[in-house]
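Structural overview
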Amino acid sequence: MFGIEFFVVVFVTAVIVYLIRKKFAKNKKIEEAPLRQKDIKRNMKREHRKQQNKEVK
């Protein structure tokens with residue numbers, strides 16, 4: 001009923017979608033995790049200040 005071309009097109013499309021989603025997931029992980037020690041310390045200080053501000057209120 002369906003030709004071999006149909007299955008090839010579906011397979012290629014699935015591979016392309018998989019690779020694009022994999023790339024976006026990788027980029028999202030990179031954005032979430034600070035790379036430098038300086039950034040990690042800065043984020044820790046911000047979180048500490050937020051905690052102190054919540055305790056004061």
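No experiment lies behind these values; they were computed from the predicted model shown.

1. Observations concerning the overall build of the protein chain
Of regular secondary structure, the protein chain possesses two helices and zero strands. For the protein chain, the accessible area works out to roughly 6100 Å², and carbon and sulfur atoms hold 63% of it.

2. Regarding a positive patch on the surface
Together, Lys41, Lys45, Arg46 and Arg49 make up a region of like positive charge exposed at the surface. As for its placement among the helices and strands, Lys41 is situated in helix α2 (residues 37-56).

3. A closer look at the pattern of salt bridges
Taken as a whole and judged by the stated rule, the model has three salt bridges. Asp39 is paired through a salt bridge with Arg36; the nearest N and O atoms lie 3.1 Å apart. Given the relative accessible area of 18%, Asp39 is considered buried. Measuring nitrogen to oxygen at the nearest pair gives 3.9 Å for the salt bridge that ties Lys50 to Glu47. Of the two residues, Lys50 and Glu47 both sit in helix α2, three residues apart, roughly one turn of that helix. Through salt bridges that share partners, Arg36, Asp39 and Arg42 make up one connected network.

4. Observations regarding the environment of Arg36
For Arg36, the location among the structural elements is in the loop between α1 (4-32) and α2. Among the polar contacts listed, one links the side chain of Arg36 to the side chain of Asp39, at a separation of 3.1 Å.

5. Observations concerning a nonpolar patch on the surface
On the surface, a cluster of nonpolar side chains totalling about 1000 Å² of accessible area is made up of Ile4, Val8, Phe11, Val12, Val15, Ile16, Tyr18, Leu19, Ile20 and Phe24. Exposure remark for Val12: the relative accessible area of 41% places this residue in the partly exposed category.

Calculation criteria
Residues numbered from 1 in each chain as written. Predicted model: local features only at pLDDT ≥ 70, side-chain atom pairs only at ≥ 80, totals over all residues. Heavy atoms only, no water. Helix = DSSP H or I, 4+ residues; strand = E, 2+ residues; numbered from the N terminus. Areas by Shrake-Rupley, 256 points an atom, 1.4 Å probe, with all protein chains shown as cover. Patch = residues over 30% accessible without salt bridge, like charges linked within 9 Å, V, L, I, M, F, W, Y side chains within 5 Å. Salt bridge = Lys/Arg side-chain N within 4 Å of Asp/Glu carboxyl O. Lys, Arg positive; Asp, Glu negative; His and termini not counted. Charge placed at Lys NZ, Arg CZ, Asp CG, Glu CD. Buried < 20%, exposed > 50% of the residue type's maximum accessible area, 1.4 Å probe, protein only. Polar contact = N/O pair within 3.5 Å; in protein donor to acceptor, adjacent residues only side chain to side chain.

Geometric descriptors of this kind do not, in isolation, establish any biological role.
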